[in-house]
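Each chain is listed here by its residues.
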Amino acid sequence: MDILKQLLGRLHPLIVHLPIGFILLGLLLRWYDRKKNEFTKAIALVFLWGGYSAILACITGYAQYVGEGYAFETVKWHLWSGIATAVFSFLTYWRIGANKRFARIKTIPIMVMTLVMFGLISFTGHLGGNITHGEDYLVEPLPNPIKAALGFETFEEKEIVLTEATWEEALIYDDVIKPILNNTCVSCHNPKKSKGELMLHTEKAIVKGGENGAILVTNNASKSEMVMRMKLPMQNDDHMPPEGKKQPSKEEIKLVSAWIDTGHPFDRTIAQSGLEKELFRSFFPKKTDNDYPDSPVAAAAADSIKTIEAIGIHVDPIDKVSNFLKVSCINHPSFSDADFDALLPISLQIAVMDLGGTQVTDKIFEKLATLPNLTLLKLDNTAISGENIAQLASLEYLKSINLTHTDFEEQHLPKLTKFKKLQKVYVYGTKIDVQGAKTLKDGLITVDYGNYNLPPIASDSIVY
């Protein structure tokens, strides 16, 4: 019997659209036929069907209320307005139709009946939508200032802000757990919209739980309703937050679980809670590793760029948010040391320089040292030996040098330890012994010898 009741209740969202459709059709036809009265019988029949389908909607709605465990306070006005809508559908049928048994109804102006009918169907539908989606369903996408102006309570999303230096001093609830709940749960569990009679906007409300009892089991996250629902498959009806709402990340669920396992404290710091650093590492600021310096630079003159491109040198912006440039001589293999002077008008903007396959020599280092924002340098397939490469040590931002297939000599490799921010140097195909040092400057600089051997895979033996 319980299964039948639950199945019948779950038909309500489908069946409830029948009376809505019939009644709205009847109202539209009545407005269209208000002068000629040619479709009176058809309009009356539409309202009759609306009444019958409204009764069916009321029955399935009541079954859903009982079977799904809704609180009566949540559904009572929707239920009574649904019954009133069914009754008025029949009254409108009798008023419009030729039935003579209810003479008094004939004295009520049809306009009054239709207005009441429209008001009832709108009010009932509105209450049903509030139960299903919440009172703020339509306004939820609006910016918080607009929602506040309309009288809706807003719960600001708060970013978890932790740093490598201060993470232990942060309050575990205020700075970590509360932002997670605010961002993913409180929109459905607050004083104005407490699904399951559960509110999560205050410490007291969290501890109290909802209509099914406490959602936290102290020191046992695996048995806590809050965590269990977060971990359910998305397609499960009991998964929280429901599909379509912002979901907590795996890292956030782990944090909530760890917080519960440590006794769900509200006033301790992370250090006092004894939680490990690895739980919070993903919330530390992400370091950006751009191919250009952090400092801004003025845009290069368009005329200067056109002049340089006219001699066969590619000049491209690195991205849309900076004025730094990438210069490539891929189509100018005859580029020599003397040609470098053509680049001087944009020397401040050059962050990436590709001189691979050109005719440059060791004399180019003196000229490259005049590019204050140079970050990536490619000198592959050139005749350089490394003489005078120490002149690049003055460059503040240089972090990568490609020396593959050059005459670079091993005796010049130690000079790279003087470079301020160098991270990687590529030396495949040079005169350096491949068994040499893999790193420099206590591991801060990686020496990449290339010539990687990939392990064979099964598909390598297939003959097509």
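Quick caveat, the model's predicted, so the values are computed rather than measured. (Residues numbered from 1 in each chain as written. Predicted model: local features only at pLDDT ≥ 70, side-chain atom pairs only at ≥ 80, totals over all residues. Heavy atoms only, no water.)

S.K.: Explain the environment of E387 here, please?
M.R.: Here E387 shows up in the loop between strand 6 (376–378) and strand 7 (400–402). Overall, E387 belongs to the partly exposed group, its relative accessible area being 39%. In the structure, E387 is positioned 26 residues away from T361 in sequence and 9.2 Å away in space, judged by C-alpha atoms. Setting aside residues no more than four positions away along its own chain, E387 makes contact with D362, F365 and H412. (Helix = DSSP H or I, 4+ residues; strand = E, 2+ residues; numbered from the N terminus. Buried < 20%, exposed > 50% of the residue type's maximum accessible area, 1.4 Å probe, protein only. Contact = heavy atoms within 4.5 Å.)

S.K.: Quick question: what am I supposed to make of the pairing of strand 4 (residues 325–328) here?
M.R.: The two faces of the sheet receive side chains in turn, since in a regular strand these alternate between them. Looking at chain direction, strand 3 (residues 314–317) and strand 4 are connected through 4 bridges and run antiparallel. Note on strand 4: the bridge partner recorded for D316 is K326. Where strand 4 lies against strand 5 (residues 350–354), 4 bridges are found, and the strand directions are parallel. In the strand pairing of strand 5, K326 is matched with V352. (Pairing = 2+ DSSP bridges.)

S.K.: I keep staring at the pairing of strand 10 (residues 445–448) and nothing clicks. Help me out?
M.R.: Relative to strand 10, strand 8 (residues 424–426) is paired through 3 bridges, and the arrangement is parallel. Counterpart to K424 in the pairing with strand 10 is T446. For strand 9 (residues 439–440) and strand 10, the ladder comprises 2 bridges, and the chain directions are antiparallel. Each bridged residue has a counterpart across the sheet, and for L440 the counterpart in strand 10 is I445.

S.K.: Mind showing me how you'd approach the nonpolar core here?
M.R.: Note that soluble globular proteins tend to have their nonpolar side chains buried in a common cluster. Ranked by internal contacts, the top residues of the largest apolar core, which has 42 residues, are M353 and L368. Per-element accounting of this core gives the leading share, 3 residues, to helix 14 (residues 364–368). Excluding anything up to four places from it in sequence, M353 contacts V327, F340, L343, L368, L371, L374, L376, L377 and K378. Core analysis: the second largest hydrophobic core is formed by 33 residues, C185, L200, I206 and F266 among them. (Core = buried A, V, L, I, M, F, W, Y, C linked by side-chain atoms within 4.5 Å.)

S.K.: Mind showing me how you'd approach the UniProt feature "transmembrane region" (unreviewed entry) in the protein here?
M.R.: Within this numbering scheme, the UniProt entry marks residues 14–32, 44–65, 77–96 and 108–128 as carrying the feature "transmembrane region" (unreviewed entry). The span residues 14–32 is 95% helical and 0% strand by assignment, and the distance between its end C-alpha atoms comes to 28 Å. What you have in residues 77–96 is 100% helix and 0% strand, and the ends, taken at the C-alpha atoms, are 28 Å apart. (UniProt positions renumbered as here; feature names shortened; annotations may be inferred.)

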